[in-house]
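Spelled out from the first residue to the last, the chains are:
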Amino acid sequence: MSYFHQHIDGSPLALPLGKVVCIGQNYQDHIAEMQSKTAAEALFFIKPATALCPLAPAFAIPTGRGAVHNELEIAVLINKPLTAASAEQVAAAIWGYSLALDLTLRDVQANLKQLGRPWEVAKGFDGACPVAGFVPAADIAHPQQLDFSLAVNGVERQHGNSANMIRGISQLISEMSQHFTLLPGDMVLTGTPAGVGPLQAGDQLRLQLADYLTVTTKVS
């Protein structure tokens, strides 16, 4: 199934598909659950546009490659070029907000880490970034105070609030833009809270972004 950026009402947006720039380790509780260490430098990585796919009504996960973990994240859609941007420039370049899953081949990633190798294949495979429709930025009064959650088969697995980010949305995108120029149609993933875990075919998911967005979907 092809993907195109969508408004929350399902209509397509006049923005091209771009790369997905992600920040790792942006919630302290997730750092703790992964037994990682807080670092002064931000951990950025990129998923290609081919990783994007619709979150609903269903999405597929790879088979035969070990555990596939959910990582629920607030997604930010960019609609203006950003290079070495200030926080103010970042705020003016945000089209809207949504929810996405940073699907991760956890066993593959762990093995690559042990070998000291890059782990893009664990994060950037086709379909590795299911994403919902976007809520316009003008409709969200306080993006740095957003509750979001993921329930799997009726049981809450992840629950976070953007207020708990180590780097806030404008700050992290500003820092990203020092390394990578962000273009219209690029999407930013802002980090995942604790509660990552394996998904299985047939799982029923419910994703919630405050009072702005509710998505029900399943793993096919």
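Structural data are supplied above this passage.
Residues numbered from 1 in each chain as written. Predicted model: local features only at pLDDT ≥ 70, side-chain atom pairs only at ≥ 80, totals over all residues. Heavy atoms only, no water.

### A short note on the sheet that holds strand β12 (residues 155-161)
Across the sheet, 5 strands lie side by side as β4-β16-β15-β11-β12; this open sheet has mixed pairing. Looking along the sheet, the strands with just one partner apiece sit at the ends: β4 (58-59) and β12. Where strand β15 (residues 204-209) and strand β16 (residues 213-219) come together, 6 bridges link them in antiparallel fashion. If you follow leucine 207 over to β16, its bridge partner there is valine 215. (Pairing = 2+ DSSP bridges. Helix = DSSP H or I, 4+ residues; strand = E, 2+ residues; numbered from the N terminus.)

### Examining the sheet that holds strand β5 (residues 68-70)
Pairing in this open sheet of 3 strands is antiparallel, and the strands run β8-β5-β14 from one edge to the other. On the outer flanks of this sheet lie β8 (104-105) and β14 (197-198), each paired with one strand and no other. Looking at chain direction, β5 and β14 are connected through 2 bridges and run antiparallel. Opposite asparagine 70, over in β14, you have glycine 197 as the bridge partner.

### What about the packing of aromatic side chains?
One pass over the structure, following the stated rule, counts 2 aromatic pairs. With centroids separated by 5.3 Å and ring planes inclined at 65°, the aromatic side chains of phenylalanine 45 and tryptophan 119 adopt a geometry described as edge-to-face. Pair noted here: phenylalanine 45 is in strand β2 (residues 43-47) and tryptophan 119 is in the loop between α3 (106-114) and β9 (129-131), with a separation of 74 residues, a long-range link. Neither residue differs from the other here; phenylalanine 45 and tryptophan 119 are each classed as buried. (Phe/Tyr/Trp six-rings, centres within 6.5 Å; stacked < 30°, edge-to-face > 60°. Buried < 20%, exposed > 50% of the residue type's maximum accessible area, 1.4 Å probe, protein only.)

### Remarks on helix α4 (residues 169-179)
For α4, the complete set of buried residues consists of Ile169, Leu172, Ile173, Ser174, Met176 and Ser177. Elements that come into contact with the buried residues of α4 comprise β1 (20-24), β2, β6 (72-78), α2 (87-92), β7 (94-101) and β13 (187-189). (Contact = heavy atoms within 4.5 Å.)

### A look at the state of the cysteines
According to the stated counting rule, one finds 0 disulfides in the structure shown. Free of any disulfide, cysteine 129 has its nearest neighbouring cysteine sulfur in cysteine 22, separated by 6.4 Å. Assessed through its relative accessible area of 0%, cysteine 129 is described here as buried. (Disulfide = S-S within 2.5 Å.)

### Details of unusual backbone geometry
With an omega of 15°, the peptide bond running from alanine 56 to proline 57 counts as cis. With respect to the helices, strands and loops of the structure, proline 57 is situated in the loop between β3 (52-54) and β4. The backbone of alanine 84 shows a phi angle near 45°, a positive value even though the residue is not glycine. Mapping alanine 84 onto the fold places it in the loop between β6 and α2. The exposure class assigned to alanine 84 is partly exposed, which follows from its relative accessible area of 47%.

### With respect to the pattern of salt bridges
This structure, assessed with the given rule, holds 6 salt bridges. Its salt-bridge partner being aspartate 186, residue lysine 19 comes within 2.6 Å of it at the nearest N-O pair. Here aspartate 186 lies in the loop between α4 and β13 and lysine 19 lies in the segment before β1, a separation of 167 residues in the sequence. On the accessibility criterion, lysine 19 (21% relative accessible area) is partly exposed. Two residues, arginine 106 and glutamate 71, come together in a salt bridge whose shortest N-O distance is 2.7 Å. With arginine 106 in helix α3 and glutamate 71 in the loop between β5 and β6, this pair connects stretches of sequence that are 35 residues apart. As far as the burial class goes, arginine 106 and glutamate 71 line up, both buried. Each of the salt bridges in this network shares a partner with another, and the network as a whole consists of Lys47, Glu71, Asp102, Arg106 and Lys123. (Salt bridge = Lys/Arg side-chain N within 4 Å of Asp/Glu carboxyl O.)

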